[in-house]
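# Chain and residue survey
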Amino acid sequence: MEKLNGKKINTAVFISGRGSNLRSLIKYYKKKNSPISIKLVVSNNPKAEGLIYAKRSKIKKYITNFKNINVSEKKLLKKLFNLKINLICLAGFMKILSRNFIKKFKKPILNIHPSLLPKYKGLNTHKKIIKNKEKYSGSTVHLVTAKLDSGKIILQKRIKVSKYENENTLEKKILKIEHDLYPEAIKKFLINL
Ligand code: GRF
């Protein structure tokens, strides 16, 4: 982490639900040599189970429903600037950020997507993988651009899909690799900045 001069990157994690990736990122941020410091957890869903992890670690949370996307994003940007956030990690965040938001934020935004991008962009990836009898699947951490699931790939991990796999078993398998993949990808991305 020499290039970061020992300074940790103020990070916000955006979630919408379970938050198991948020949990793994919090675990990572608490490590002594971690390059990030999670300062904020954002959710569009006040009932997101993952908010419990923010609470347990005394990380600030910010809820906005995105009903009026312009208003929500404007207020959110203000919050991010106030907290000097330099990196956003989307982790199961189910809203699509506008081109305007991405442009105005100016700093990198990362996302984790449960497929081997560029294959299987969008929703219901596990269902599609099973239906198409794919032999492999995996997860990808990539940069967020205005085009859905299409930004530069930072890191990808592959797993084998067994003959007996169903959506649930596949989801579990992929989540398990994601919990190591996201921190690894962040480290790789920040080293190369
Ligand atoms: C993960 O599989 C991630 O790849 C996708 O949404 C899921 C979120 O899971 N974008 P969790 O909320 O982190 O448990």
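The paragraphs below set out a description of the structure included in this document. Model, not experiment: these values are computed from the prediction.

### Some thoughts on the nonpolar core
Grouped together as the largest cluster of nonpolar side chains are 29 residues, with contacts concentrated most on Tyr-182 and Ile-186. Elements with a minimum of two residues in this core: β1 (9–15), α1 (20–29), β2 (36–43), α2 (51–56), β4 (87–90), β5 (109–113), β7 (153–160) and α6 (167–191). Those residues within four positions of Tyr-182 in sequence are excluded, and the remaining contacts are Asn-21, Leu-25, Cys-89, Leu-90, Ala-91, Leu-110, Asn-111, Ile-112 and Val-141. Judged by nonpolar contacts, the second largest core, of 20 residues, contains Val-42, Ile-85, Ile-102 and Ile-109.

### What to know about the site of the ligand
Every residue near the ligand is listed here: Arg-18, Gly-19, Ser-20, Asn-21, Gly-92, Ile-112, His-113, Pro-114, Leu-175 and Glu-178. Separating an oxygen atom of the ligand from a backbone N or O atom of Gly-19 is a distance of 2.8 Å. Ile-112 has a polar backbone atom sitting 2.9 Å from a nitrogen atom of the ligand. Elements with a minimum of two residues in the shell around the ligand: α1, β5 and α6. Its residues placed into classes, the shell around the ligand shows three nonpolar, five polar and two charged.

### Topic: the layout of surface pockets
Any empty space left between the atoms is revealed when a probe the size of a water molecule rolls over them. Roughly 1,000 Å³ of internal volume is contained in the largest pocket. Taken together, 39 residues form the lining of the largest pocket, with Gly-92, Phe-93, Met-94, Pro-114 and Leu-123 sitting closest to its centre. Those elements that provide at least two residues to the lining of the largest pocket are α1, β5, α5 (125–131) and α6. The element best represented in the lining of the largest pocket is α6, accounting for six residues. Here the residues of the lining of the largest pocket are counted per class, giving 15 nonpolar, 16 polar and eight charged. Considered as a void within the structure, the second largest pocket measures approximately 240 Å³ in volume. In terms of lining residues, the second largest pocket is bounded by Arg-23, Ser-24, Lys-27, Tyr-28, Lys-31, Lys-176, His-179, Asp-180, Pro-183, Glu-184 and Lys-187. Sort the elements by how many residues they give to the lining of the second largest pocket and α6 lands first, with six residues.

Parameters at a glance
Residues numbered from 1 in each chain as written. Predicted model: local features only at pLDDT ≥ 70, side-chain atom pairs only at ≥ 80, totals over all residues. Heavy atoms only, no water. Core = buried A, V, L, I, M, F, W, Y, C linked by side-chain atoms within 4.5 Å. Buried < 20%, exposed > 50% of the residue type's maximum accessible area, 1.4 Å probe, protein only. Helix = DSSP H or I, 4+ residues; strand = E, 2+ residues; numbered from the N terminus. Contact = heavy atoms within 4.5 Å. Near = heavy atom within 4 Å. Polar contact = N/O pair within 3.5 Å; in protein donor to acceptor, adjacent residues only side chain to side chain. Nonpolar A, V, L, I, M, F, W, Y, C, P; charged D, E, K, R; others polar. 1 Å grid on protein atoms, 1.4 Å probe; cavity = no way out; pocket = protein on both sides within 12 Å on 5 of 7 lines; lining within 4 Å. Points joined across faces, edges and corners; volume = space filled by probe spheres on them.

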